[in-house]
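# Structural overview
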Amino acid sequence: MMNASNEAVLIMDFGGQYSQLIARRVRDLHVYCEIKSYKTSVSDIKSKNYKGIIFSGGPNSVYEENAPKCDPALFDAGIPILGICYGAQAMAQAIGGTVESSTVKEYGNTVVNFNNDNPLFSGIKSESICWMSHTDYISKAPENFKILATSKTCPVAAMGDENRKLYATQFHPEVQHTEQGNEILGNFLFKVCCCSGDWIMSSFAKEQIEKIRQQVGDKTVVCGLSGGVDSSVAAVLVHKAIGKKLTCIFVDHGLLRKNEGDEVEEVFRKQFDMNLIRVNAQDRFLTKLACVSEPEEKRKIIGEEFIRVFEEEAKKLGSVDFLCQGTIYPDVVESGIGEAAVIKSHHNVGGLPDDIGFTGIIEPLRDLFKDEVRRVGLELDIPEKLVWRQPFPGPGLAIRIIGDITNEKLDILKDADAIFREEIALAGLDRSIHQYFAVLTGIRSVGVMGDGRTYDNTIALRGVTTTDFMTADWARIPYDVLAKISNRIINEVKHVNRIVYDITSKPPATIEWE
Ligand code: XMP
């Protein structure tokens, strides 16, 4: 077992959407965990000395022909097990319980009645809200199992065999809607598996650095830096592992925010002393984008040109063995890699072509959620400004200029956007508004300045609060902050004579204007 705390829990993935969420909750409780397929052999599992195993949920019915099954020998291995949802049903079926299909799905917040006279539910209220999502249910617990919880439609909402330390819950303790889910997972880890809980995020960084060192050996790695937190953290981990054998390529397409290109260079070249190639490709991108107004066309051109520039630079390095990417877990699940069902494809995964001749890909952040990536970033001394950088789209300012893109328009937008960001930070709102930016609307309108009539640009300000960027609400920025931003932009940025604030939520509008 290769981790600093010397204790680990195994999460067996039965194809559910929540395997990584379970892992994340376990990490939050300071226990190291690994996710492996339900196909992992019992002998392999025994050889790793896991303190416990959690079976994830899954989309199947145990009665489907190719439904994932668990080897009954696992239940006699002396390792505590917690089965969740499908994992609970698979456990019941494997050791003599009965699983039945209901005609109705039980979905959402459900009142569950608990027997809390056992280690798993010790301290849990006798009635607590839990999140359910299932059609099949355990109708009869296996021999030697006690029913530990019930709900209106679930005769066995949870069951346990205290002697063998086998437990199962039909509900999902890992999701936020389960009121005492964290306590239940904590009980499993500490009261059932007797974990000590001494694992911390800095151990993750250390472990990854060691792993990368072993994987790369004396070979070389190239990494595409965008200035975003994911690629930055991935690059710093690889750099700590192999130093100058890593080369980072930063393609500056000229569509970044004001001074951003220089800031990226400053951090990675000066602070981390990395091998950094900054490609100043502004002219190249602007030439390709000349007279293009259609947003999807802009995206396509920028995406293709980006790959071309990256490839050219990578080829100049001669033969490079590995490509490092800042893929994080939400990118992976959205692309349907692993056991989970496909939801949608995502532009970050496999964004670079694999025909440049790399022998392998290094993705040290593949298992982490965004906030965990930020925590690792801070552990690695990456400046807070970069770690907390708000999401910024790959095509950059190109999709914040409505219509065609010129150098002049870029300058106006960069200046207006910089003032907006500065004032939001001064007002202490930069962490509570999740994304905020200026848009050059392409509208010109009449104004009056001094004694003269003007006919100039309209800048729109957009600020949103959101948890997942799939839906969003417009941020209630105080009027006096908006007033100051408006005054400053009009006074300091030439060719802007009107400022509007976007008060549309998503849906129906998207966050970006294009
Ligand atoms: P929308 O505008 O779809 O944006 O509500 C949701 C989130 O995605 C970002 N976004 C992009 N990111 N390439 C990216 O890398 C894109 O083409 C792109 N379009 C939108 C957007 O900034 C927001 O965070």
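Okay, so let's go over this structure. Here the structure is a predicted model, which means the values were calculated and not measured. (Residues numbered from 1 in each chain as written. Predicted model: local features only at pLDDT ≥ 70, side-chain atom pairs only at ≥ 80, totals over all residues. Heavy atoms only, no water.)

Let us look at the overall build of the chain. Along its length, the chain carries 14 helices and 18 strands. Its C-alpha atoms give the chain principal-axis dimensions of roughly 90 × 55 × 40 Å. For the chain, with 514 residues in total, the buried portion stands at 54%. For the chain, long-range pairs separated by at least 24 residues make up 73% of all intrachain contacts whose partners lie at least 6 apart in sequence. Carbon and sulfur atoms form 50% of the exposed surface of the chain, whose accessible area is close to 22900 Å². Of note, the chain has its 58 positive side-chain charges centred 2 Å away from the centre of its 71 negative side-chain charges. (Helix = DSSP H or I, 4+ residues; strand = E, 2+ residues; numbered from the N terminus. Buried < 20%, exposed > 50% of the residue type's maximum accessible area, 1.4 Å probe, protein only. Contact = heavy atoms within 4.5 Å. Areas by Shrake-Rupley, 256 points an atom, 1.4 Å probe, with all protein chains shown as cover. Lys, Arg positive; Asp, Glu negative; His and termini not counted. Charge placed at Lys NZ, Arg CZ, Asp CG, Glu CD.)

Mapped onto the elements, E512 comes out in the segment after strand 18 (496–501). A relative accessible area of 12% places E512 in the buried class. Here Q435 takes part through its side chain, which lies 3.4 Å from a polar atom of the side chain of E512. The residues touching E512, leaving out its near neighbours within four places in the chain, are P393, I399, R400, Q435 and F437. (Polar contact = N/O pair within 3.5 Å; in protein donor to acceptor, adjacent residues only side chain to side chain.)

The next subject is the site of the ligand. Near the ligand there are twelve residues, and of these R299, Q435, K506, I511 and E512 occur at the shortest range. In the environment of the ligand, an oxygen atom lies 3.0 Å from a nitrogen or oxygen atom belonging to the backbone of G394. Contacts to the ligand include Q435, whose side-chain N or O atom sits 2.7 Å from an oxygen atom. Within the complex, 77% of the 500 Å² of free accessible area of the ligand lies under protein. (Near = heavy atom within 4 Å.)

Once that is clear, we can look at the sheet that holds strand 11 (residues 246–252). The sheet built from five strands is open, its strands ordered 12-11-10-13-14 with parallel pairing. At either margin of the open sheet sits one strand with a lone partner, and together these are strand 12 (275–280) and strand 14 (360–362). Across the sheet, the mean angle separating the axes of adjacent strands is 25° when strand polarity is ignored. Along the sheet face, helix 6 (residues 229–242) touches strand 10 (221–225), strand 11, strand 13 (322–324) and strand 14 and points at about 155° away from the line of strand 10. (Pairing = 2+ DSSP bridges. Axes fitted to C-alpha atoms, helices over the stretch in contact; angles between N-to-C directions.)

Right, let's get into the pattern of salt bridges. Going through the model one piece at a time under the given rule, you end up with 38 salt bridges. In this structure, K48 engages D44 in a salt bridge whose closest nitrogen and oxygen atoms are separated by 3.3 Å. The partly exposed category is assigned to D44, whose relative accessible area is 29%. Ionic pairing is found between D417 and R421, a salt bridge with its closest N-O pair at 3.0 Å. On the criterion of helical spacing, the pair formed by D417 and R421 is a turn pair, its members being four residues apart in helix 13 (residues 407–426). Residue class for D417 comes out buried when judged on its relative accessible area of 1%. The network of salt bridges with shared partners includes D252, D262, E265, R269 and R278. (Salt bridge = Lys/Arg side-chain N within 4 Å of Asp/Glu carboxyl O.)

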